[in-house]
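Coordinates in review
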Amino acid sequence: MASSNPFASILKTLEKPGGGEFGKYYSLPALGDPRIDRLPYSIRILLESAIRNCDEFQVKAKDVEKIIDWENSSPKQVEIPFKPARVLLQDFTGVPAVVDLACMRDAMNMLGGDSNKINPLVPVDLVIDHSVQVDVARSENAVQANMELEFQRNKERFGFLKWGSNAFDNMLVVPPGSGIVHQVNLEYLGRVVFNREGILYPDSVVGTDSHTTMIDGLGVAGWGVGGIEAEAAMLGQPMSMVLPGVVGFKLSGKLKDGVTATDLVLTVTQMLRKHGVVGKFVEFYGQGMSELSLADRATIANMSPEYGATMGFFPVDHVTLQYLKLTGRSEETVSMIESYLRANNMFVDYSQPQVEKVYSSCLELNLEHVEPCMSGPKRPHDRVPLKEMKVDWHSCLDNKVGFKGFAIPKESQSKVVEFSFHGTPAQLRHGDVVIAAITSCTNTSNPSVMLGAALVAKKACELGLEVKPWIKTSLAPGSGVVTKYLEKSGLQKYLNQLGFNIVGYGCTTCIGNSGDLHESVGSAISENDMVAAAVLSGNRNFEGRVHPLTRANYLASPPLVVAYALAGTVNIDFETEPIGLGKDGKQIFFRDIWPSTEEVANAVQSSVLPEMFKATYEAITQGNPMWNQLSVPSSILYTWDPNSTYIHEPPYFKSMTMSPPGPHGVKDAYCLLNFGDSITTDHISPAGSIHKDSPAAKYLMERGVDRRDFNSYGSRRGNDEIMARGTFANIRIVNKLVKGEVGPKTIHIPSGEKLTVFDAAMRYKSEGQDTIILAGAEYGSGSSRDWAAKGPMLLGVKAVIAKSFERIHRSNLVGMGIIPLCYKPGQDAETLGLTGHERYTIDLPSSVSEIKPGQDITVVTDNGKSFTCILRFDTEVELAYFDHGGILQYVIRNLIAGKQ
């Protein structure tokens, strides 16, 4: 059991500069260990947390020693516990998290425990930003209209979250219409340093959204985890993690004129993907740091999931302190943050000589070498320099179907489809832009690219350029501050003139909430098999994510989104071809509308002011009329409504007893699906629209839900019945069992019938058959979606055998009791001659004490094949979760047994 902290002797008092004290803190310099001076700043945060939470039970002195000895211990993949200071949720992942907490209270009650023990012990902030859709665009009234529709569709979910904010301690819910979670975190929620009960310590956060890493730009250690891990962290469980390697990324020089932060982040993403940083921290340093505004740093940190790192960390320096003042944090708070970080050797002062830090490996980028670029058409790390876009587009049309190919026959590449838009004749060609969206926390939190986009709009309007009326243009800022500075600069009117009216404050197009295309445009695309394009300032462009009808999706800076909307196509060379004709018939080129870095800087300087942040965030906690009118019960146990299609009591704890079920092997399992590489969590558990012919649609229609009220899978994550039916329901999924056919179907092996994945899984389940999944490399990449693990578990999947797993998805599978196995290097289903028609047996010892993390496991098939896999339970704690049947069962049993 827990004992007193063995590091109590280094608890020091932090004096205020003008007399008095801020509080006490655990002093790293007081340890007097020279190894600490060489540690990367990101590792010092893990060290301080381990020292402060050391109780010789959850966190031990030997864990502290492992972190201090990081230089020697990190290459050995040692395990450490980490207790983050707070947890961050958005509503898509927040609803199922609150459903799980409510369900855990019921389970505690059923097993005779105290249901009040299910309460967050650390601050939990939940921002509702994933529900607004672009139903109405290009209209002055779009914000209000979209918000009314959002409340109509989501009233039940929002009421449930409001109940949760009252029923649980330490839970703040930021209402819809306030902004995007990561931008609100950066501008308002981020503490940088906590002062709780007289103890000061660095802010750190885990979030149920993979782009939680955006806060790393503010010097706060934060990253995405699955919902199930976040729930355990809320309830005081330490997170078990492998002590990560740290890649040092040195920046020098400054960006050339006209190059944006988005161009920089797409370049960094490609470099780090190539270097290989999965499971590692990346820490930025060097003289180039002084050239990067905090918003630029946050843009780079935001895309950590796209380059694969756990964090992209920027230690606190003078730029951070200036930003904290700009965003309305008080002088007293900023003074406390600076005093604490300086006293604890966690502040970087570039005016002082720097002690050489030790890194696991190093990269360097001279900012002068960054050039304008985009990424696409299907992956964030497939960067294309702007000057090569046209050539690259033509090769994508030619190439065989793949990440860089659409296989359009030469003779159909110049096809022109005639259609009528509101009575006006219109044309569509391959590569024509049908969605142009300024969206996503990655970019809308950065005033330089937002005002840059507005300056492009101003120049274009003055020259007489227009955007074709059938292109769906939208602007969705991540906070109300953006509206304030666009208004103050006098530039919003030009964005409106081009159709970039504000549509709402949320993620919108970036997560697939792009709304419908006009019927005539949709028909022109689908009836003629056209490759239409979306250009968005988002961070993900996987197939089928942005919109089901845009097969080509390019990530670009907000000013480039405006430029491509004006051009109307991605099939253009901006260097040599005009964007369009101006009012006097004169050809207008890209260079005529592109602002200089100086013009943008002047707009930022005069328009972005501290009082805008203060006013926006004072209003945020007061909610809005629609939110304030929601009436919710005040009970601490939730009353489940059996008829609800949004909130449903999940079956996880139905037959739970106090004794753990122990480990399970797999016997004679059938293969449910056989996949290639890069199957994302979007493929496994789509967040977007519910297809009219899907099992989920059938379920909803049987319950009297009209098709227009289906809403999205993301909004239905509080209902396990719908989410199980939505598992592997992505319309773009490719399963080798159906021989190259695209769509959510599989073969039920015993009968040879082709069924939806859900129907096949239910048939296996009813016959008492286990199932497994075969997969390639990077299985589960993309969003940190716990339903991508919960769904397969509910379908009866017992194991996944893959070449490699994305970090968060692997731990989510473990949390749900599914066995993750990796082929040995150089092997996969193809080299082993596996077709997926075999039956698979995976023998595991019946006692968890006989299983070791990362051990070899033999898999045997019914046709005499036998091969060795690596068991990807990476830590002892993960084995304990497996023994208990899952992480939440483990937590409940421990809370009842009083081990907390």
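Calculation notes
- Throughout, a residue's number is its position along its own chain's written sequence, starting from 1.
- With pLDDT at 70 or above as the cut-off, local features in this predicted model cover only qualifying residues; side-chain atom pairs require 80 or more to be listed or tallied, and sums for whole chains, interfaces and linings still use all residues.
- To obtain the side-chain values, all non-hydrogen atoms of the structure were included, while hydrogens and water were left out.
- What counts as a helix is a DSSP run of H or I of at least four residues, what counts as a strand is a run of E of at least two, and both are numbered from the N terminus.
- Structural elements are reduced to axes, namely lines fitted to C-alpha atoms, with helices fitted over the stretch in contact, and the angle between N-to-C directions of any two is expressed from 0 to 180 degrees.
- Oblique is the label for every angle not falling under 35 degrees (roughly parallel), over 145 degrees (roughly antiparallel), or within 65 to 115 degrees (roughly perpendicular).
- Left-handed is the label given to a crossing in which the near helix is rotated counterclockwise from the far helix by less than a right angle, and right-handed is the label when the rotation is clockwise.
- Residues count as neighbours in contact if any of their non-hydrogen atoms are within 4.5 Å of one another.
- Polar here means any residue other than Ala, Val, Leu, Ile, Met, Phe, Trp, Tyr, Cys and Pro, which are nonpolar, and Asp, Glu, Lys and Arg, which are charged; Gly is therefore polar.
- Buried residues are those whose accessible area, probed at 1.4 Å on protein chains only, stays under 20% of the maximum for their type, while exposed residues exceed 50% and partly exposed ones sit between those limits.
- At least two DSSP bridges between two strands are needed for those strands to be called paired.
- Throughout, the arc means the angular range of directions from the helix axis out to the C-beta atoms.
- When the centres of two rings from Phe, Tyr and Trp lie within 6.5 Å, Trp using its six-membered ring, the rings pair. Their planes under 30 degrees apart give stacked, over 60 give edge-to-face, and anything left gives tilted.
- In our convention, an over-ring charge means Lys NZ or Arg CZ found within 6 Å of a ring centre and within 35 degrees of that ring's normal.
- A pair is scored as a salt bridge if a Lys or Arg side-chain nitrogen falls within 4 Å of a carboxyl oxygen belonging to Asp or Glu.
- Under this definition, polar contacts are N or O atom pairs within 3.5 Å; protein pairs additionally need one hydrogen-donor-capable and one acceptor-capable atom, and for neighbouring residues in sequence, both atoms have to be side-chain atoms.

1. Observations concerning the environment of Asn602
- In this structure, Asn602 sits in helix H21 (residues 597-607).
- For the pair Asn602 and Ser448, spaced 154 residues apart in the sequence, the C-alpha separation amounts to 9.7 Å.

2. Points about the packing of helix H7 (residues 227-234) against helix H31 (residues 887-896)
- Two elements in contact, H7 and H31, have axes whose closest approach is 9 Å; the angle formed by their N-to-C orientations is 15°. The orientation of H7 with respect to H31, classified from their angle, is roughly parallel. In terms of crossing hand, the pair formed by H7 and H31 is left-handed. Of H31, the residues touching H7 (which contributes Ile228, Glu229, Glu231 and Ala232) are Ile887, Leu888 and Val891.
- Of the residues that constitute the contact of H7 with H31, the class distribution is five nonpolar, no polar and two charged.

3. Quick notes on unusual backbone geometry
- A cis amide bond links Gly376 to the next residue, Pro377, at an omega of 10°.
- Locating Pro377 in the fold gives a position in the loop between strand S16 (373-375) and strand S17 (383-385).
- Look at Phe728: it is not a glycine, yet its phi comes out positive at around 60°.
- Along the polypeptide, Phe728 turns up in the loop between helix H26 (720-725) and strand S27 (745-748).
- Of note in this structure, Lys739 is not a glycine but carries a positive phi near 50°.
- Summarising the element assignment, Lys739 is placed in the loop between H26 and S27.
- Judged by relative accessible area, Lys739 falls into the exposed class, the value being 71%.

4. Topic: the sheet that holds strand S10 (residues 221-224)
- If you walk across this open sheet you meet the five strands as S6-S5-S4-S9-S10, and the pairing is parallel. Two strands lie at the open edges of the sheet, namely strand S6 (171-174) and S10, each paired on one side alone. Going from strand to strand, the sheet's axes swing by 20° on average, the running direction of each strand aside.
- Strand direction decides the pairing type here: strand S5 (residues 124-127) and S6, joined by four bridges, are parallel. For Asp125, the partnering residue across the bridge sits in S6 and is Leu172.

5. Topic: helix H2 (residues 61-68)
- Buried within H2 we find Asp63, Val64, Ile67 and Ile68. Along the axis of H2, the buried positions cluster into a sector of 140°, meaning they face one direction only.

6. Let's talk about the sheet that holds strand S32 (residues 839-842)
- If you trace the seven strands once around the closed barrel, you get S26-S29-S30-S31-S34-S33-S32, paired in mixed fashion. Averaged over all neighbouring strand pairs, the angle between strand axes comes to 40°, with direction disregarded.
- As judged from the three bridges shared by S32 and strand S33 (residues 856-861), these two strands associate in the antiparallel manner. Within S33, the position partnered with Thr841 by the bridge is Val860.

7. A word on the packing of aromatic side chains
- Considering all chains together, one arrives at 29 aromatic pairs under this definition.
- A centroid spacing of 5.1 Å and a plane angle of 80° characterise the contact between Tyr638 and Trp640, whose relative ring orientation is edge-to-face. Residue Tyr638 shares its accessibility class with Trp640, and that shared class is buried.
- Seen from their ring centres, Tyr881 and Tyr890 are 5.1 Å apart, and the 70° between their planes marks the pair as edge-to-face.
- Aromatic rings pair up to connect Phe160, Trp163, Phe168, Tyr638 and Trp640 into one cluster.
- A cation sits over an aromatic face here: Arg44 above Tyr41, 4.6 Å from the ring centre.

8. Digging into the side chain of Arg785
- As for its position among the elements, Arg785 is in the loop between strand S29 (771-774) and helix H28 (787-794).
- Owing to a relative accessible area of 6%, Arg785 belongs among the buried residues under this scheme.
- Excluding its chain neighbours within four sequence positions, the residues that come into contact with Arg785 are Arg545, Thr681, Asp682, Ser685, Pro686, Ala687, Arg717 and Asn812.

9. Let's talk about the environment of Gln144
- Here Gln144 is to be found in helix H5 (residues 142-167).
- For Gln144, a relative accessible area of 38% corresponds to the partly exposed category.

10. Structural notes on the pattern of salt bridges
- Under the counting rule described, the total for this entry stands at 43 salt bridges.
- Among the salt bridges present, the one from Asp135 reaches Arg153, with a minimum N-O distance of 2.8 Å. With Asp135 in the loop between S5 and H5 and Arg153 in helix H5, the pair connects residues that are 18 residues apart, well separated along the chain.
- Accessibility expressed as a relative area gives 29% for Asp135, which makes it partly exposed.
- Residue Arg153 is classed as buried on the basis of its relative accessible area, which comes to 16%.

11. Description of helix H29 (residues 807-815)
- Buried residues dominate H29, accounting for eight of its nine residues.
- When H29 is considered as a whole, its buried residues turn out to be Ile808, His809, Arg810, Ser811, Asn812, Leu813, Val814 and Gly815.
- Capping of H29 at its N-terminal end is provided by Glu806; its side-chain oxygen lies 3.0 Å from the backbone amide nitrogen of His809.
- Note on H29: the residue one or two positions beyond its end, Gly817, has a positive phi of about 80°.

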